[in-house]
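If you want the building blocks of each chain, they are given just below.
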2 protein chains.
Amino acid sequence: MQASSKLAKVFPFLDWGRGYGRQSLGNDLTAAVIVTIMLIPQSLAYAMLAGLPPEVGLYASILPLVGYAIFGTSRTLAVGPVAVVSLMSAAAVGAVVSQTGAGFVETAILLALLSGGCLLLMGIFRLGFLANFLSHPVISGFISASGILIAVSQFKHVLGIPASGHNLIELLGALGGGVQQTNPYTAVIGFSALGFLYFVRKKLKSVLEKIGVPEGVAGFLVKAGPVFAVIGTTLAASMWALDQKGVQIVGAVPVGLPVLGIPAIDLGLVEQLILPAFLISLIGFVESVSVAQTLAAKRRQRIDPNQELVALGAANVASGFSGGYAVTGGFARSVVNFDAGAETPAAGVFTAVGIGIATLFLTPLIYFLPKATLAATIIVAVLALIDVHMMRETWRYSKRDFLAMAATILLTLTISVEAGVASGVILSVLLHLHRSSRPHCAIVGKVPGTEHFRNVLRHSVETCDTLVTLRVDESLYFANARFLEDQVYALLAENPKLKNVILMCPAVNEIDVSALESLEAINRRLADAGVKFHLSEVKGPVMDRLQRSSFLDELTGQVFLSQYQAYQALADNRRSPKSAAQ
Amino acid sequence: MQASSKLAKVFPFLDWGRGYGRQSLGNDLTAAVIVTIMLIPQSLAYAMLAGLPPEVGLYASILPLVGYAIFGTSRTLAVGPVAVVSLMSAAAVGAVVSQTGAGFVETAILLALLSGGCLLLMGIFRLGFLANFLSHPVISGFISASGILIAVSQFKHVLGIPASGHNLIELLGALGGGVQQTNPYTAVIGFSALGFLYFVRKKLKSVLEKIGVPEGVAGFLVKAGPVFAVIGTTLAASMWALDQKGVQIVGAVPVGLPVLGIPAIDLGLVEQLILPAFLISLIGFVESVSVAQTLAAKRRQRIDPNQELVALGAANVASGFSGGYAVTGGFARSVVNFDAGAETPAAGVFTAVGIGIATLFLTPLIYFLPKATLAATIIVAVLALIDVHMMRETWRYSKRDFLAMAATILLTLTISVEAGVASGVILSVLLHLHRSSRPHCAIVGKVPGTEHFRNVLRHSVETCDTLVTLRVDESLYFANARFLEDQVYALLAENPKLKNVILMCPAVNEIDVSALESLEAINRRLADAGVKFHLSEVKGPVMDRLQRSSFLDELTGQVFLSQYQAYQALADNRRSPKSAAQ
């Protein structure tokens, strides 16, 4: 039993597969059909965003889904190509290719494999906590900035002009320089598709419901919007042979399933790709886990973040071995999958079958699909990523967090996606350390008639000339150890009658070696000045650890269980609250 | 009055100078004489350690002391050349000179100026907190490793062989390769000086006291030990013309005071030196502040760390403008200054005058001073830096801190001083984040008959099927926000009857935007599952901030002042402690 439950931790399908019945099958198949219809245009579009041929997007939507279904703990996560990861892949592969002259597609495939390797290793060594270093404002800022970059980068396809760049400045410059070469046929298709898709996304549902279409059908039609845009513009391009009038089309896509194979591994390329692969893994993981958690909680299910790393790793390795590129769990698609009633990861397998069938039979039909249509689907999709509300809320709630967010956005837009993520992470950590390096401290006195002790500055409390109690509202560790010393020495310099200092520790969850050294120094220096040092309300685990050091032997004072006991024992010359004395 | 007290914050001598009388003068002069006697051989020796001619060490012991006296807040800190900073200067200058072919002395002077600039900027922008990122174990490990490196690097002078290297492996290899070329005269002088200085340091005081010499005189003789070694070996070298037998001597030292001048500033060099200059500033500042604080506390005085940055910056700028190299407050010399009765920074000015006189009149006398003697004084001095006790204590107290310490020691010894410090800092921060990313959490229940709530796993407490209270013993921020979500979703999955979740926050000192988002997500997901979310015992400042967000409006449950109130209001189906039920 225990062995089988351990095995089910690695292969969750052993768990959900046991009770798999006809009803689950029906629900999963329905969801798979809807997700497949949504995924076909998306996989083509995101491949284009990643700078890759359309079939690479399709290949990334077959085996990776099966890989995730085997190892994943989320019942409803829909894995495949997504916008932000495609952008990051394009940036990383573009930089490496321009330096080394390696093949673009081969490099993107290698990147997927490396990203899979990173995810697998992080999962096996249970390093999911690394994702915690990406604070929410940094992630949100990064995704908003990515959305802007992606939308702007796709306008070249809408206008039918060549324009490329790695940041907003380069992109806008290239667009501005090329705009007079706009291809009118492309622009008509592009802006029509944009307008149509925007209407479908924002208005169609309410329009359909007004004329009496049932909600479920209306929802389905909204999700199928991009498919209609694809069909409509493909027909137009094919009928009027627009490709001969300068409209860029998808063209011939190889028919057939991807061929399995181990990609060529060039160690020089690996070295250059490993950092971007790690960042892609981290961002992909954070996005994926956050949507997986949201959906799981709605059904009182759980996901295991470290096992998710393994599953996403397997998906990316499968992508690399089958000619696909980097994938992760997509937000919009997963929500659609959930809403459509998917019950188990089997829905993902059925989706993979659907895409496989499309790859086998439908690719000739998209020969005339204009790239402008794909660009329009991307632009409309990524506009949802730009989260101005979160920026405003962050500004209102915490200037510190906003600073990290603003730096991430600015650097992502003006320098590169990697610089944006890296600076956001570093700034978050520095700001956190800065904050906890000056923790909230209060001198406390006794509230008359009670056993409570409160801040002397806020409350009218009883104090004592020869005794000062300092309460520190933070764990004591290297970043604030010296601050604590400063505070105590200030007390010593300001209170000439001082005989006893109590450090009140109800909020101290840890004392590290640096803080221990500081406590020892405080104890010695107070002793030099003839003052005793005491502790009160030290938590159990902190006390356990202190007992492993010689601090408690050297302590000139005592450790009191409660502050009240300490005060009773030490306050020999009490002074009533000022307000009462006057 | 207020303006003058503000001015006195920048120029502390306005404060202590006012009451300066005959007695202070006498005490400061006495201390200055003793420190000068100690500083003459040290300044020559540390200049040699830094790879510089002896006069640079003397110059670094004149104006920098005056610069510190003007701005410093410590009454007794003795500024000048010290061992660790000399080693770091040698490493940084050596690396840059070998790459660029710039002059060694000019580069060292520029490094002092840059380090002074870093310190001044950090002081003006009040960035003293940056030093807090160096945890005590990392500093201790770095200084121990530096002590080992310094001692080994000086053995070439004791043996009279050429041997150089930037890390322990290179140094030991060079020493091993050169040992058969040992110059016997040099070795006799070197080992005699080593033996003599070791005896003076460890035994002389007790021997003198046994034969009835008063303690004060004995202490003075111990401190003057290096001077006796210098005089003895210089006389020996001069009498027997040992320089002609291969003994390396100090040789001609320019007579006269340093010439003031602005050093040549090469922007290319500046770029390469800026990182080492910053690290030197940081290490120098940490060392200096820690001894200044220790000594100030003994007399119930205070120092201002940010003003100390300004003062050390002024000292280094003065050093750079007068042909000296990087300086900081030295531990041993400051303690001697303090013990000798120095009352104000005027003692530093008098010491500077003493070194100035020595530079004017005594340099011809040290022509025959053997380098082996200087090396011996360095070796004996730095052995005190190697702190095995601290390593053992750290191992016993915290494996996490020990890991950071061990990495610092290993990398300092085997790669470079910069790699050692940098990796120590990064590892400390990562380990801290890792720890606080999995904070201590407890499900609590009510201790029967009281208003107290305790961990259900440790105590026999009353609980309730439909209510779970989670107490988190840490501030909530980006590194642990997701962990909190995991914990709550686990509760949700494990307790099918759950109707209410209370998050008990007595140890939560901050909730950042990431944690706020997590709380909002928890609130929504619990609502989706039909469970209400409540908070209890939220601290004042945390509550103030929450009120700036929309979280409290969306909260499905309530915020209770005390956990007891929350329990009374929500626990509808109480279950007695198991032990009581059985």
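Positions within a chain are numbered from 1, following the residues in the order the chain's sequence is written. Throughout, the order in which chains and ligands are written sets their labels, letters from A for the former and numbers from 1 for the latter. Given that this is a predicted model, residues contribute local features only at a pLDDT of at least 70 and side-chain atom pairs are listed and counted only at 80 or more, while totals for whole chains, interfaces and linings are drawn from all residues.

Some details on the overall build of chain A
To keep things clear, this is the line we draw: In DSSP terms, a helix is any run of H or I states spanning at least four residues, a strand is any run of E spanning at least two, and both are numbered starting from the N terminus. Neighbour counting defines burial: a residue surrounded by 20 or more other C-beta atoms within 10 Å of its own C-beta is buried, one with 12 or fewer is exposed, and intermediate counts give partly exposed, using backbone-placed C-beta atoms.
Counting secondary structure elements, chain A contains 26 helices and ten strands. Principal axes of the C-alpha set define a box for chain A whose edges measure 100 × 65 × 60 Å. Within chain A, buried positions represent 54% of all 582 residues.

Regarding helix α14 (residues 305-321) of chain A
Residues and elements named next belong to chain A. Using the following cut-off: Take the residue count of a helix, subtract one, and multiply by 1.5 Å to get its expected span.
Here α14 is 17 residues long and its end C-alpha atoms lie 24 Å apart, about the 24 Å a rise of 1.5 Å per residue gives. Counting buried residues along α14, 16 of its 17 residues qualify, which places the element largely inside the surrounding structure. In the segment just after α14, G323 is the residue with positive phi, at about 75°.

A short note on the interface of chain B and chain A
What counts is decided by this rule: Placing C-beta atoms from the backbone, we regard two residues as in contact once those atoms come within 7 Å.
Counting from both sides, the interface comprises 56 residues of chain B and, opposite them, 57 residues of chain A. Sorting the residues of the side of chain B that touches chain A by element identifies α8 (136-159), α13 (267-298), α18 (388-397), α20 (417-437), α21 (478-494), α22 (513-528) and α23 (540-546) of chain B as the ones contributing at least two each. At nine residues, α21(B) tops the list of elements feeding residues into the side of chain B that touches chain A.

Here's the deal with the domain arrangement of chain A
Just so we agree on the cut-off: Throughout the structure description, domain borders are defined by an automatic or database domain assignment.
Taken domain by domain, chain A comprises domain 1 (21-430) and domain 2 (441-576). Taken over C-alpha atoms, the centre of domain 1 of chain A sits 55 Å from the centre of domain 2 of chain A.

Things to note about helix α15 (residues 331-339) of chain A
All names here are of chain A. For α15, every residue scored as buried is listed here: F331, R333, S334, V336, N337 and F338. Those residues of α15 that are buried are in contact with α3 (22-49), β1 (79-80), α11 (215-223), α13 (267-298), β2 (328-329) and α16 (346-361). Note on α15: the residue one or two positions beyond its end, G341, has a positive phi of about 100°.

Describing the relation of the copies chain B and chain A
Quick reminder of the rule: Least squares is used to superpose the copies, and the fit set is the C-alpha atoms of residues whose pLDDT is at least 70 in both copies.
In screw terms, the move from chain B to chain A is a rotation of 179° and a rise of 0.0 Å along the axis, fitting with an RMSD of 0.1 Å. Considering both components of the superposition, the chain copies are consistent with a two-fold axis. Looking at the rotation axis and the C-alpha trace of chain B, the residue lying nearest is B:A507, at 2.4 Å. An overlap of 100% is found between the interface residues of chain B and their copies at the interface of chain A, pointing to a shared contact surface.

A short note on the confidence of the model for chain A
Residue and element names in this part refer to chain A. Our working definition: Along the chain, pLDDT gives the predictor's confidence residue by residue, from 0 to 100.
With 98% of its residues at a pLDDT of 70 or more, chain A has an overall mean of 88. Within chain A, β1 carries the highest mean pLDDT (96), whereas helix α26 (residues 578-581) carries the lowest (45). Confidence metrics for the complex model read pTM 0.73 and ipTM 0.73.

Points about the packing of helix α5 (residues 63-71) of chain A against α14(A)
Residues and elements named next belong to chain A. Convention followed: Geometry is summarised by axes, namely lines fitted to C-alpha atoms with helices restricted to the contacting stretch, and by angles between N-to-C directions that run from 0 to 180 degrees. Roughly parallel means an angle under 35 degrees; roughly antiparallel means over 145; roughly perpendicular covers 65 to 115; every other angle is labelled oblique. Left-handed describes a crossing whose near helix is turned anticlockwise from the far helix by less than a right angle; the clockwise case is right-handed. Think of it as three bins: nonpolar holds Ala, Val, Leu, Ile, Met, Phe, Trp, Tyr, Cys and Pro, charged holds Asp, Glu, Lys and Arg, and polar takes everything else, Gly as well.
The interhelical angle for the contact between α5 and α14, taken along N-to-C directions, is 155°, at an axis separation of 7 Å. The orientation of α5 with respect to α14, classified from their angle, is roughly antiparallel. Considering how the two elements wind past one another, α5 and α14 form a crossing that is right-handed. Judged by residue contacts, L63, P64, V66, G67, Y68, I70 and F71 of α5 engage Q307, V310, A311, L312, A314, A315, N316, V317, A318 and S319 from α14. Classifying every residue of the contact of α5 with α14 by side-chain character gives 13 nonpolar, four polar and no charged.

Considerations on the packing of helix α6 (residues 83-100) of chain A against helix α7 (residues 104-124) of chain A
Residue and element names in this part refer to chain A. Following both chains from N to C, one finds α6 and α7 inclined at 125°, their axes separated by 10 Å at the closest point. One element, α6, and the other, α7, form an angle in the oblique class. Every pair of crossing elements has a handedness; the one defined by α6 and α7 is right-handed. The residues of α7 that touch α6, namely those facing S89, A92, V93, V96 and V97, are F104, T107, A108 and L111. Looking at the contact of α6 with α7 residue by residue, the class counts come to seven nonpolar, two polar and no charged.

Topic: the pairing of strand β8 (residues 532-536) of chain B
Residues and elements named next belong to chain B. What counts is decided by this rule: Two strands form a pair only when DSSP identifies at least two bridges running between them.
Within β8, four of the five residues are buried, which leaves the element mostly enclosed by the surrounding structure. Where strand β7 (residues 500-504) and β8 come together, five bridges link them in parallel fashion. The partner of M504 across the bridge, within β8, is S536. As paired elements, β8 and strand β9 (residues 559-560) share two bridges and run parallel to each other. For S536, the partnering residue across the bridge sits in β9 and is F560.

Let's talk about the pairing of strand β6 (residues 467-472) of chain B
All names here are of chain B. Most of β6 is tucked away, with five of its six residues classed as buried. Pairing of strand β3 (residues 441-446) with β6, which is carried by four bridges, proceeds in the antiparallel orientation. Across the sheet, residue V444 finds its bridge partner in β6, namely T469. Across five bridges, β6 lies against β7 in parallel orientation. Bridge assignment links L470 to a residue of β7, and that residue is L503.

Observations regarding unusual backbone geometry
All names here are of chain B. Unusually for a residue other than glycine, R126 sits at a positive phi of about 55°. Topologically, R126 is positioned in the loop between α7 (104-124) and α8. Of note in the backbone geometry, E537 takes a positive phi value of approximately 55° without being a glycine. Tracing the backbone shows E537 in the loop between β8 and α23. Since 21 C-beta atoms lie within 10 Å of it, E537 is described here as buried.

Topic: the environment of A:L555
Residue and element names in this part refer to chain A. Among the structural elements, L555 can be located in the loop between α24 (551-554) and β9 (559-560). It is 58 Å that separates the C-alpha atoms of L555 and V327, two residues lying 228 residues apart in sequence. Setting aside chain neighbours within four positions, we find L555 in contact with N523 and F533.

Observations concerning the environment of A:I274
All names here are of chain A. For I274, the location among the structural elements is in helix α13. What makes I274 partly exposed here is the crowd of 15 C-beta atoms within 10 Å. A C-alpha to C-alpha distance of 6.8 Å links I274 and L114, two positions 160 residues apart in sequence.

Here we look at the environment of A:A422
All names here are of chain A. Along the chain, A422 turns up in helix α20 (residues 417-437). A tally of 16 C-beta atoms within 10 Å means that A422 is categorised as partly exposed. Taking the C-alpha atoms as reference points, A422 and S460, 38 residues apart in sequence, are found 48 Å from one another.

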